[in-house]
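Residue-level structure breakdown
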There are 2 protein chains.
Amino acid sequence: MKAIVTVRLKREVLDPQGDAVSRALARQGFSHVRSVRVGKVVELEIADGISAETAHAELAKMADALLANPVTEDYEIELL
Amino acid sequence: MKAIVTVRLKREVLDPQGDAVSRALARQGFSHVRSVRVGKVVELEIADGISAETAHAELAKMADALLANPVTEDYEIELL
């Protein structure tokens, strides 16, 4: 089973990396870009033979413990 | 208009960050994880009043020029 955990900065948290990308795009002439936010996408290959519910619960624990910083980041879990 | 550009390492490129996450998860007892790959998700707010085709073409240029490294990474564009 494949799983994707998308980790994004919370809306109220400043994103210096996104701002830098935004400025670099503007410098290169991409004038249509209003703002940029950069996050992470973690793709995990999960062993077969566990249920989708168990996988989802485990992935939430992984995200809380290691993949995301709960103070500054939100995450979203998708099972494929 | 909102756009998401997901940038992933090409399949044949080693991912030391993903391997480190995978080992860290194993150490914390998450034994169901077989492998991990880490990529980037770039969320862009695009000015209204340009067509989806123009936006898509511009985003492909941005990805080629700045968001992804075409030697080691693939990208995917999604317009919301």
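In the block above lies the structure referred to throughout.
Described below are features of the structure shown in this document. What you are looking at is a predicted structure, and each value in this text was computed from that prediction instead of being measured.

This brings us to the environment of Gly18 of chain A. Residues and elements named next belong to chain A. If you trace the backbone, Gly18 turns up in helix 1 (residues 16-27). Along the chain, Gly18 and Val38 lie 20 residues apart, while their C-alpha atoms are 5.2 Å from each other. Setting aside its immediate chain neighbours within four residues, Gly18 contacts Val36, Arg37 and Val38.

Let's shift gears to the relation of the copies chain A and chain B. Each copy superposes on the other: chain A lies on chain B with an RMSD of 0.0 Å after a rotation of 180° and an axial shift of 0.0 Å. Classification of the inter-copy transformation places it as that of a two-fold axis. When each C-alpha of chain A is compared by its distance to the rotation axis, Lys40 of chain A comes out closest, at 2.3 Å. Both copies contact each other with a shared surface, as 100% of the interface residues of chain A are interface residues in chain B too.

What follows deals with empty space enclosed by the protein. Summed over all chains, the structure comprises 1 cavity of 30 Å³ or more. For the largest cavity, the calculated volume is near 60 Å³. Lining the largest cavity we find Arg8, Leu9, Arg11, Arg37, Val38 and Gly39 of chain A together with Val41 and Glu43 of chain B. Going through the elements one at a time, strand 1 (2-9) and strand 2 (33-46) of chain A together with strand 2 (33-46) of chain B are the ones with two or more residues in the lining of the largest cavity.

A word on helix 2 (residues 52-67) of chain A. For helix 2 of chain A, built from 16 residues, the straight-helix expectation of 22 Å at 1.5 Å per residue is missed by more than 12%, its first-to-last C-alpha distance being only 19 Å. Here helix 2 of chain A has its buried residues at Ala55, Glu58, Leu59, Met62, Ala63 and Leu67 of chain A. Viewed end-on, helix 2 of chain A has its buried residues packed into an arc of 145°, placing them on one side of the element. Buried residues along helix 2 of chain A sit against strand 1, strand 2 and strand 3 (73-79) of chain A together with helix 1 (16-27) and strand 2 of chain B.

Contact geometry for helix 1 of chain A and helix 2 (residues 52-67) of chain B: axes closest at 11 Å, N-to-C directions at 110°. The pairing of helix 1 of chain A with helix 2 of chain B is recorded here as roughly perpendicular in orientation. Helix 1 of chain A and helix 2 of chain B meet at a crossing whose hand is right-handed. Note on element contacts: helix 2 of chain B touches helix 1 of chain A through Met62, Leu66 and Leu67 of chain B, opposite Val21, Ala24 and Leu25 of chain A.

Cut-offs applied
- Residues numbered from 1 in each chain as written.
- Chains lettered and ligands numbered in written order.
- Predicted model: local features only at pLDDT ≥ 70, side-chain atom pairs only at ≥ 80, totals over all residues.
- Heavy atoms only, no water.
- Helix = DSSP H or I, 4+ residues; strand = E, 2+ residues; numbered from the N terminus.
- Contact = heavy atoms within 4.5 Å.
- Least-squares fit on C-alpha atoms with pLDDT ≥ 70 in both.
- 1 Å grid on protein atoms, 1.4 Å probe; cavity = no way out; pocket = protein on both sides within 12 Å on 5 of 7 lines; lining within 4 Å.
- Points joined across faces, edges and corners; volume = space filled by probe spheres on them.
- Expected span 1.5 Å × (residues − 1).
- Buried < 20%, exposed > 50% of the residue type's maximum accessible area, 1.4 Å probe, protein only.
- Arc of directions from axis to C-beta.
- Axes fitted to C-alpha atoms, helices over the stretch in contact; angles between N-to-C directions.
- Parallel < 35°, antiparallel > 145°, perpendicular 65-115°, else oblique.
- Left-handed = near helix turned anticlockwise from the far one by under 90°.

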